[in-house]
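Reading the structure
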Amino acid sequence: MNWLLVIAGALAGAPLRYLTDRAVQARLGTLFPWGTFLVNALACAALGFLGAAAFPANVEHLLGPGLCATYSTYSTFSWETLRLAEAGAPLRATANALASPAVGLATAFLGAALADTLGL
Amino acid sequence: MTDEHGERPEGGIPPVEPPVEPPIDPDAAPTPGESEAHVLAAIALGGALGACARYGAGLLWPVAQDAFPWTTFAVNVTGCAAMGVLMVLVTERFTAHRLVRPFLGTGVLGGYTTFSTYATDARHLLTGGHVPTAILYLTATVACAVAAVTLAARLTRRLTGAPTGRGRA
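Residues numbered from 1 in each chain as written. Chains lettered and ligands numbered in written order. Predicted model: local features only at pLDDT ≥ 70, side-chain atom pairs only at ≥ 80, totals over all residues. Heavy atoms only, no water.

1. Structural notes on the overall build of chain B
Within chain B, the secondary structure is distributed over five helices and zero strands. For chain B, the α and β elements follow one another from N to C terminus as α-α-α-α-α. Intrachain contacts of chain B at a sequence separation of at least 6 include 72% that bridge at least 24 residues. Entry remark: accessible area of chain B is about 8,700 Å², with carbon and sulfur atoms responsible for 66%. (Helix = DSSP H or I, 4+ residues; strand = E, 2+ residues; numbered from the N terminus. Contact = heavy atoms within 4.5 Å. Areas by Shrake-Rupley, 256 points an atom, 1.4 Å probe, with all protein chains shown as cover.)

2. Describing the overall build of chain A
A tally of helices and strands in chain A yields five helices and zero strands. Secondary structure elements of chain A occur, N-terminal to C-terminal, as α-α-α-α-α. Expressed as a percentage of the 120 residues in chain A, the buried residues total 52%. In chain A, of all internal contacts separated by at least 6 residues, the share reaching a separation of at least 24 is 73%. Accessible area of chain A: about 4,900 Å², with a carbon and sulfur share of 75%. (Buried < 20%, exposed > 50% of the residue type's maximum accessible area, 1.4 Å probe, protein only.)

3. What about the interface of chain B and chain A?
Each partner contributes residues to the interface: chain B has 61 residues there, and chain A has 54 residues. Where A:E86 meets B:R157, a salt bridge forms, and the shortest distance between an N and an O atom there is 2.8 Å. Where chain B meets chain A, there are 16 residue pairs in polar contact (both at pLDDT 80 or more). Where the side of chain B that touches chain A is concerned, the elements lending two or more residues are α1 (36–60), α2 (70–93), α3 (100–112), α4 (116–127) and α5 (131–160) of chain B. In terms of residue count, α1(B) provides more of the side of chain B that touches chain A than any other element does, 14 residues in total. Grouping the amino acids of the side of chain B that touches chain A by side-chain chemistry returns 33 nonpolar, 19 polar and nine charged. (Salt bridge = Lys/Arg side-chain N within 4 Å of Asp/Glu carboxyl O. Polar contact = N/O pair within 3.5 Å; in protein donor to acceptor, adjacent residues only side chain to side chain. Nonpolar A, V, L, I, M, F, W, Y, C, P; charged D, E, K, R; others polar.)

4. Things to note about the state of the cysteines
Disulfide: a covalent bond formed between the sulfur atoms of two cysteine residues. Residues and elements named next belong to chain A. Throughout the structure, instances matching the rule amount to zero disulfides over all chains. Of all cysteine sulfurs in the structure, the one in C44 sits closest to C68, which takes part in no disulfide; the separation is 9.1 Å. Note on C68: relative accessible area 8%, which makes it buried. (Disulfide = S-S within 2.5 Å.)

5. Looking at the packing of aromatic side chains
Each aromatic ring pair is summarised here by two numbers: the centre-to-centre distance and the angle between the ring planes. Counted by the stated rule, this structure contains 15 aromatic pairs over all chains. Ring plane angle 45° and centroid distance 4.4 Å describe the contact between B:F68 and B:W70, whose orientation is recorded as tilted. Its relative accessible area of 11% is what places B:F68 among the buried residues. On the accessibility criterion, B:W70 (54% relative accessible area) is exposed. By way of ring pairs, the aromatic residues A:Y74, A:F77, B:F68, B:W70, B:F73, B:F115, B:Y118 and B:Y137 are connected into one cluster. Taking the ring centre of A:F109 as reference, the NZ or CZ of B:R123 above it sits at 5.8 Å. (Phe/Tyr/Trp six-rings, centres within 6.5 Å; stacked < 30°, edge-to-face > 60°. Lys NZ or Arg CZ within 6 Å of the ring centre and 35° of its normal.)

6. Section: the nonpolar core
One finds A:Y74, A:W79, B:F73, B:M83, B:F115, B:Y118 and B:Y137 to be the most contacted residues of the largest nonpolar core, which totals 32 residues. Of all the secondary structure elements, the ones that give two or more residues to this core are α4 (75–86) and α5 (90–117) of chain A together with α2, α4 and α5 of chain B. Per element, the largest residue contribution to this core is nine residues, and it comes from α5(B). The residues touching B:F115, leaving out its near neighbours within four places in the chain, are A:N40, A:C44, A:S72, A:T73, A:Y74, A:F77, A:S100, A:P101 and A:G104. Judged by nonpolar contacts, the second largest core, of five residues, contains A:V6, A:A10, B:A48 and B:A51. (Core = buried A, V, L, I, M, F, W, Y, C linked by side-chain atoms within 4.5 Å.)

7. Notes on the packing of helix α2 (residues 34–52) of chain A against helix α3 (residues 57–71) of chain A
Residues and elements named next belong to chain A. Packing of α2 against α3 brings their axes to within 9 Å, and their N-to-C directions diverge by 160°. Regarding the angle of α2 to α3, the classification is roughly antiparallel. The element α2 and its partner α3 pack so that their crossing is left-handed. Of the residues in α3, those touching α2 at V39, L42, A43, A46, L47 and L50 are E60, L63, G64, C68 and Y71. (Axes fitted to C-alpha atoms, helices over the stretch in contact; angles between N-to-C directions. Parallel < 35°, antiparallel > 145°, perpendicular 65-115°, else oblique. Left-handed = near helix turned anticlockwise from the far one by under 90°.)

8. A short note on a nonpolar patch on the surface
On the surface, A:F55, A:L114, A:L118 and A:L120 cluster together to form a nonpolar patch covering roughly 360 Å² of accessible area. Structurally, the position occupied by A:L118 is in the segment after α5. (Patch = residues over 30% accessible without salt bridge, like charges linked within 9 Å, V, L, I, M, F, W, Y side chains within 5 Å.)

9. Concerning α4(A)
For α4(A), which comprises 12 residues, the first-to-last C-alpha distance of 16 Å matches the rise-based estimate of 16 Å (1.5 Å per residue) to within 8%. Within α4(A), 11 of the 12 residues are buried, which leaves the element mostly enclosed by the surrounding structure. Residues A:S75, A:T76, A:F77, A:S78, A:W79, A:E80, A:T81, A:L82, A:R83, A:L84 and A:E86 constitute the buried set of α4(A). Residues of α4(A) that are buried make contact with α2 and α5 of chain A together with α2, α3 and α5 of chain B. Just downstream of α4(A) lies A:G88, where phi reads positive at about 80°. (Expected span 1.5 Å × (residues − 1).)

10. A look at the confidence of the model for chain A
The predicted model of chain A averages 96 in pLDDT, with 100% of residues at 70 or higher. Element-level pLDDT for chain A is lowest in α3(A), with a mean of 96, against a maximum mean of 98 in α4(A). (pLDDT = per-residue confidence, 0-100.)

What follows is the structure in C-alpha cells.
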C-alpha cells in the first residue's frame, strides 16, 4: 500500500514540476533557473510542513516521498548549475549552487513553523 | 567585437549578438504543436519509476534520523552523475526520440533525486542539535552533486568523442 501511495504522489509530482518550471521560465526567462529554484523552495516548504505536522501515515507517504520528493529535483539543479558555468556565467552558477540549498533549508523551517503555529 | 579569429566583419559595425543563452534546462519546452499529453505522460511514468527507486533505496538502507543521511546523499549524487551522462548523450551526441529526455531526465532522474528530502533531513539534524553533521551534509551534497554531474558530462564527452560543452546547447 505504501508503494502505491508513493507512486500516486510521484505520478502527480513529476508533471507538476515540469509545468511549474515551464510557467516560471515563460515569465522570468532562462537567464537564471528560476523554475527549478522555485519548485525546490516550494517542495522544501511543503515537506517541512508535513514533517512537523502529525498526519496519518498514508497521507505522509502520498505527500512526502511521493509528491514533495518527486516535485523537487537535485539532478536538474546540478545540471543547470553546470550549464551556467559552461555558458560563461560563473557568478550565476555559484549563486544557484549557494542560494538553492540556503533557501530550501529556510523554507523547510518556515513550513515547519507554519505547522507548529497552526497546532497541527 | 571580434569573432574567435580576431576578424572584424566588413563595414566596421560589429553584428549585434543575440543574447547567448543556451538552454540550460533539461526540461526545455517541446517543439510547438507537439502533443503535450505524451510528454506529460512520459514524465509522470518516469517520475513514478524514479520515486520507487528512491523509496526502495530508503527501505534497503535506512538511516537513523540523527546520523548522516547517506542514502539520500547517495541517491542524489548518483542521480546527478546519471543526469550528466544523459544530457550529453541526448543534447550533444545523439538525436534522441522526443520522449527520451522528458521520460529519463525530467521523469526518472527528476523523481529519483530529491531536494526537499535533502533540506528537511538537514532541518531535522539542526533541530536535533547535530549541527556539524547538518553542515557537513548540506555542503557535501552540493559539492559532490555538482562534481558528479561535471565529471560525468566530461567523461561522457570524452568517451563518445562529442565536442566540448562550452557554448553548446
